[in-house]
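Analysis of the macromolecular model
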Amino acid sequence: WSCFSDVIWNKELNNIPALLTKISVFLVILYIWLTQSEIFDFFDKSLPKQVNFSKSKPGVIRAWHRHNRNQTDYFMVTKGKMKICVYDGDEKSKTFGTLLEVFATGDDLKIIKVPGNFWHGTKTISSIPSETIYFLTNLYDYENPDEERMDWNNSTVINPKTKNPYDWNVDE
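Residues numbered from 1 in each chain as written. Predicted model: local features only at pLDDT ≥ 70, side-chain atom pairs only at ≥ 80, totals over all residues. Heavy atoms only, no water.

Quick look at the pairing of strand β7 (residues 119-124)
Buried residues dominate β7, accounting for 6 of its 6 residues. The side-chain alternation of β7 yields two buried faces, one formed by W119, G121 and K123 and the other by H120, T122 and T124. When strand β2 (residues 61-66) meets β7, the two strands line up antiparallel, connected through 3 bridges. Within the sheet, the bridge partner assigned to I61 lies in β7 and is K123. Where strand β4 (residues 81-87) meets β7, 6 bridges bridge the pair, whose relative direction is antiparallel. From the neighbouring strand, V86 faces β7, where its bridge partner is H120. (Buried < 20%, exposed > 50% of the residue type's maximum accessible area, 1.4 Å probe, protein only. Helix = DSSP H or I, 4+ residues; strand = E, 2+ residues; numbered from the N terminus. Pairing = 2+ DSSP bridges.)

Structure, rendered in structure tokens:
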């Protein structure tokens, strides 16, 4: 991680060749590590096809969406604190109605695996912007996006604890 953190925290963006070299070295090390360890199993024996970076201001909600083409998302919050929610809205599913809330911070790095067929979303709940790196098992297709969306406050998403529509503004 140190070669990557130098790029982010030392702001070496003015030296593009050095930046590309560091990122290339990081990706090679990551590839070797992933394919030679049990983390490869975590990624379902398939390396992510796309890596994205997202920054969200405090209070920003990005929800709800899901994927229909076997995509899995892996979220890693690197700064701030974020609530990541996953909801099974498929009435034919054995786990229909299940809602999972995971709290992730940059102080306690973890990777949250979200199978794309579940509705999912995030909210930054820290007083500082959150920064998230997320890995996708499919490349984004601009001409035919694999995203189904519904409003963040859709009343069909029920919190099983309260039996009421899910409230993103309740931070436990």
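Focus on the packing of aromatic side chains
According to the stated counting rule, one finds 6 aromatic pairs in the structure shown. A ring pair is formed by W64 and Y166, whose centres lie 6.0 Å apart and whose planes are at 70 degrees; its orientation type is edge-to-face. With W64 in strand β2 and Y166 in the segment after β11 (164-165), this residue pair connects regions lying 102 residues apart in the sequence. Overall, the relative accessible area of 7% leaves Y166 in the buried class. Between Y166 and W168 the ring centres are 5.2 Å apart and the planes differ by 90 degrees, which places this aromatic pair in the edge-to-face class. By relative accessible area, which is 0% here, W168 ends up buried. Among the aromatic residues, those joined into a cluster by ring pairs are W64, Y87, Y166 and W168. (Phe/Tyr/Trp six-rings, centres within 6.5 Å; stacked < 30°, edge-to-face > 60°.)

Geometric values such as these leave the question of function open.
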